[in-house]
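Letter by letter, the chains look like this.
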Amino acid sequence: MPPKNLLKKPIKALSKSKLKKRRDAKIKPSLKAKKMFDLLFENHPIPMWVYDAKSLIFLAVNASAVERYGYSRAEFRKMTINDIWASEDLDCLMDQLKQNSRARYYIGEWQHRTKTGQKIQVELTAHALESDNRNAILIMAQDISERKKAEAESKSLARFPAENPNPVLRATYEGKIVYANTASELLLNDWHCKVGDYLPPYWIKLISELINIGSRKTIDVRCEDKTYSIMIAPIPGLNYLNLYGGDITERKLMEERLAQLSRAVEQSPASIIITDLEGKIQYVNSRFSQVTGYSLKETIGQNPNILKSNQTPAKTYQDLWQTLNTGGEWRGEFINRKKNGELYFEFAMISPIANPDGVITHYLAVKEDITERKRAEEELRLTNQKLEIQMKEIQALQASLYEQAIRDSLTDLYNRRFLNESLEKELARALRESYPVSFVMIDIDKFKAINDTFGHNLGDLTLQNLARQLIHHTRTSDIACRYGGDECLIILPNTSAESALQIAERLRESFEASKVQFGEAEVTTTISLGVATFPLHGLTSRQILSAADQALYKAKSEGRNTVVV
């Protein structure tokens, strides 16, 4: 049982005015404490709980308390703090609660019982606070069972300190070191002293203060890569004191990691939000306030839908909840609205947070403002769109220029340039694939007389009429070109001499039946046609063109308006 005078001492040491302040003040969590509650309270390595000051019923416990005491959270909520106090300490506890009913503040060492009945030594720190509009007490219960065991072992090993794996030193009240075991070597090297030397000035001053008040003290000392908890224990009447060291390196590292985590969350460049299962915000970091314009005070207790812009597709929210309800992590984008009404894009990762029993208790959202990235992507998309339009215009212009380069400007038939580019390729393909190619040479009968008598205007109209007839009676795979003057040429791939003769005859009849409007008069004329076929009439383009020209000459000499093969 802890000494009563030790427990009362912090209360008696207060003046009446300070006591009244402490008694009347309701210690409300600061904004930062509140926003870090879930992270620090739940993940703190030391068991912590909150209980109702009136009924003594547990209101909340962290994971460390569940693990150390063996009770589940559900079991804790049905218990009072009496259920974990060792029976021999209960009377003293009740006295302390009665004496300090208003202040609700005490520090002391107590014995607790775990679910299995094991007794553990704990050092308690208690603070009054307000939870859900009722007075409550926040407890931090440092398990000192191992430390107590170590202290007991240190005392028992005082006769054999050399065997102690932890530092054990003895010094006079003046600070002179009279003994140090082997495990103390690291400390002595750090202090630059040895047995027979005096301790560093800081230690001598501390020893003097402890002797004056007749008390012990435990302090943490960093030495190279280790941290020791050193208890300074003056031995009354013997004019010396002992220093017992315990290695707490791992515990300190854990505390530092937790502190680093807290700083990392608060200073994160991403917005971080923690909500309860009902969607009420319990914590936001400063980046969230910078991005949205909502202060911490404005967001605590609110729902994240205060940011909703109604421009995020409904399916996004459906996918979100479907993923979270199955325990998965959701990733996606929102179009949200800031406090000032400005829209912004954000990429979010939302995860459920489960307690040690696997029950989901909170949701954690980590969000990144991607507005600038979206704007850049949109600008790039528009730029690419413009470039694509320009490329199509350039391609169309190139195609148009190419068409102009290979077309006769008067008749819109292919010109000699295109014929020269295509003729050899067509014959090579025909030779490779073994099919015939027919050539039809065409000449307008008495064209010179038409120009001389009626002028070049009628001549041009007559040529244009012939071009229309050629296009009408040929396929897209055929090549119809203006060969020169009033001469035109048709190349018919995969067409025999007989088929070419039929095509030429239909063309002759169609042109003869056609009329050209010239002023008030309608003018008709005829054409002569010569046909030659590859490879029947020649194996080269020159031979075939020559054969077709000879056939045309023969058609004209036989009276015109006829076809000769």
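That block above? That's the structure.
Below, the structure is looked at part by part.

### Focus on the packing of aromatic side chains
Line of reasoning, step 1. Inspection of the entire model under this criterion finds 13 aromatic pairs.
Line of reasoning, step 2. Here the aromatic rings of Tyr71 and Phe76 are separated by 5.5 Å at their centres, their planes lie at 70°, and the arrangement is edge-to-face. Comparing Tyr71 with Phe76 shows no difference in burial state: the two are buried.
Line of reasoning, step 3. Relative to Trp203, the ring of Trp191 has its centre 5.0 Å away and its plane inclined at 55°; by these criteria the two rings are tilted. One end of the pair, Trp191, is in helix α9 (residues 185-191); the other, Trp203, is in helix α10 (residues 201-213), and twelve residues separate them in sequence.
Line of reasoning, step 4. The exposure class assigned to Trp191 is buried, which follows from its relative accessible area of 11%.
Line of reasoning, step 5. Assessed through its relative accessible area of 5%, Trp203 is described here as buried.
Line of reasoning, step 6. Through successive ring pairs, a cluster of aromatic residues spans Trp49, Phe58, Tyr69, Tyr71 and Phe76.

### Some remarks on the environment of Glu426
Line of reasoning, step 1. For Glu426, the position within the fold is in helix α16 (residues 416-433).
Line of reasoning, step 2. A C-alpha to C-alpha distance of 9.8 Å links Glu426 and Ser541, two positions 115 residues apart in sequence.
Line of reasoning, step 3. Not counting the four nearest positions on each side in its chain, Glu426 is found in contact with Tyr435 and Pro493.

### Things to note about the sheet that holds strand β22 (residues 563-564)
Line of reasoning, step 1. Pairing is mixed across the open sheet formed by five strands, whose spatial order is β17-β18-β16-β21-β22. Every other strand in the sheet has two partners, leaving β17 (479-484) and β22 as the edge strands with one partner each.
Line of reasoning, step 2. Pairing of β17 with strand β18 (residues 487-493) involves five bridges; the strand directions are antiparallel. Bridging across to β18, Gly484 finds its partner in Glu487.
Line of reasoning, step 3. Across the sheet, helix α18 (residues 456-472) is in contact with β16 (437-444), β17, β18 and β21 (527-534); its angle to β16 comes to roughly 155°.

### Some points on the pattern of salt bridges
Between side chains of opposite charge, a pair can form when the charged atoms approach closely.
Line of reasoning, step 1. Following the criterion strictly, the structure yields 29 salt bridges and no others.
Line of reasoning, step 2. Between Lys339 and Glu298 there is a salt bridge, and its shortest N-O distance comes to 2.6 Å. Residue Lys339 is located in the loop between β13 (330-337) and β14 (343-354), and its partner Glu298 is located in helix α13 (residues 296-299); the two are separated by 41 residues in the primary sequence.
Line of reasoning, step 3. Residue classification places Glu298 among the partly exposed positions, given a relative accessible area of 33%.
Line of reasoning, step 4. Of the charged contacts, one joins Glu388 and Lys392 as a salt bridge, the two residues approaching to 3.8 Å between their closest N and O atoms. Of this pair, Glu388 and Lys392 both sit in helix α15 (residues 371-406), separated by four residues, roughly a single helical turn.
Line of reasoning, step 5. Note on Glu388: relative accessible area 45%, which makes it partly exposed.
Line of reasoning, step 6. Within this structure, Glu333, Arg373, Lys374 and Glu377 form a network of salt bridges that share partners.

### A look at helix α14 (residues 314-325)
Line of reasoning, step 1. Helix length check: α14 (twelve residues) gives 17 Å between terminal C-alpha atoms against 16 Å at 1.5 Å per residue, within 8%.
Line of reasoning, step 2. Those residues of α14 that sit buried are Thr316, Leu320 and Leu324. Take α14 and look down its axis: the buried residues cluster within an arc of 60°, on one side only. Across from the buried face of α14, at angles greater than 90 degrees, the exposed residues are Ala314, Lys315, Gln318, Gln322 and Asn325.
Line of reasoning, step 3. Where α14 is buried, its residues contact β13, β14 and β15 (360-369).
Line of reasoning, step 4. Looking one or two residues past α14, Gly327 carries a phi angle of roughly 85°, positive in sign.

### Observations regarding the state of the cysteines
Covalent bonding between the sulfur atoms of two cysteines defines a disulfide.
Line of reasoning, step 1. Overall, the coordinates contain zero disulfides when judged by the stated rule.
Line of reasoning, step 2. No disulfide involves Cys481; its nearest neighbouring cysteine sulfur is the one of Cys488, lying 7.5 Å away.

### Remarks on the packing of helix α17 (residues 447-454) against α18
Line of reasoning, step 1. Running from N to C, α17 and α18 point in directions that differ by 140°, and their axes come no closer than 6 Å. Between α17 and α18, the angle is such that the two are oblique. Between α17 and α18, the residues in contact are Phe447, Ile450, Asn451 and Phe454 and His456, Leu458, Gly459 and Leu463, respectively.
Line of reasoning, step 2. For the contact of α17 with α18, the residue count by class is five nonpolar, three polar and no charged.

### Overview of the environment of Trp203
Line of reasoning, step 1. Once the C-alpha coordinates of Trp203 and Ile232 are considered, the two residues, 29 residues apart in sequence, prove to be 9.8 Å apart.
Line of reasoning, step 2. The residues touching Trp203, leaving out its near neighbours within four places in the chain, are Trp191, Ile219, Val221, Ile230, Ile232 and Leu243.

### Let's talk about the pairing of strand β10 (residues 240-247)
Line of reasoning, step 1. Most of β10 sits inside the fold, with six of its eight residues counted as buried.
Line of reasoning, step 2. The sheet contact formed by strand β6 (residues 168-172) and β10 spans five bridges and is antiparallel. Each bridged residue has a counterpart across the sheet, and for Leu169 the counterpart in β10 is Leu243.
Line of reasoning, step 3. Here eight bridges tie strand β9 (residues 226-235) to β10, and the two strands are oriented antiparallel to one another. Across the sheet, Tyr228 pairs through a bridge with Asp247, a residue of β10.

### Some details on the side chain of Thr292
Line of reasoning, step 1. One can find Thr292 in helix α12 (residues 286-292).
Line of reasoning, step 2. On the accessibility criterion, Thr292 (2% relative accessible area) is buried.
Line of reasoning, step 3. Those residues in contact with Thr292 that sit more than four places away from it in its chain are Leu307, Lys338, Lys339 and Tyr344.

### What to know about the packing of α18 against helix α19 (residues 497-513)
Line of reasoning, step 1. One way to put it is that α18 packs onto α19 with a least axis distance of 10 Å and a crossing angle of 140°. Judged by the inter-axis angle, α18 sits oblique to α19. Of the two possible hands of crossing, α18 and α19 adopt the one that is right-handed. In this structure, α18 uses Thr462, Asn465, Leu466, Gln469 and Leu470 to contact α19, whose residues at the interface are Leu507, Ser510 and Phe511.
Line of reasoning, step 2. Classifying every residue of the contact of α18 with α19 by side-chain character gives four nonpolar, four polar and no charged.

### Overview of the nonpolar core
Line of reasoning, step 1. Core analysis: the largest hydrophobic core is formed by 27 residues, its most contacted members being Trp49, Tyr51, Phe58, Tyr69, Ile81, Ile84 and Ile139.
Line of reasoning, step 2. Only β1 (48-52), β2 (58-61), α5 (63-69), α7 (87-99), β4 (119-131) and β5 (134-143) provide two or more residues apiece to this core.
Line of reasoning, step 3. No other element matches β4, which puts five residues into this core.
Line of reasoning, step 4. With residues up to four places along the chain from it excluded, the contact list for Tyr69 reads Pro47, Trp49, Phe76, Ile84, His112, Arg113, Thr114, Lys115, Ile120, Val122 and Ala141.

Reading guide: rules and limits
Residues numbered from 1 in each chain as written. Predicted model: local features only at pLDDT ≥ 70, side-chain atom pairs only at ≥ 80, totals over all residues. Heavy atoms only, no water. Phe/Tyr/Trp six-rings, centres within 6.5 Å; stacked < 30°, edge-to-face > 60°. Buried < 20%, exposed > 50% of the residue type's maximum accessible area, 1.4 Å probe, protein only. Helix = DSSP H or I, 4+ residues; strand = E, 2+ residues; numbered from the N terminus. Contact = heavy atoms within 4.5 Å. Pairing = 2+ DSSP bridges. Axes fitted to C-alpha atoms, helices over the stretch in contact; angles between N-to-C directions. Salt bridge = Lys/Arg side-chain N within 4 Å of Asp/Glu carboxyl O. Expected span 1.5 Å × (residues − 1). Arc of directions from axis to C-beta. Disulfide = S-S within 2.5 Å. Parallel < 35°, antiparallel > 145°, perpendicular 65-115°, else oblique. Nonpolar A, V, L, I, M, F, W, Y, C, P; charged D, E, K, R; others polar. Left-handed = near helix turned anticlockwise from the far one by under 90°. Core = buried A, V, L, I, M, F, W, Y, C linked by side-chain atoms within 4.5 Å.

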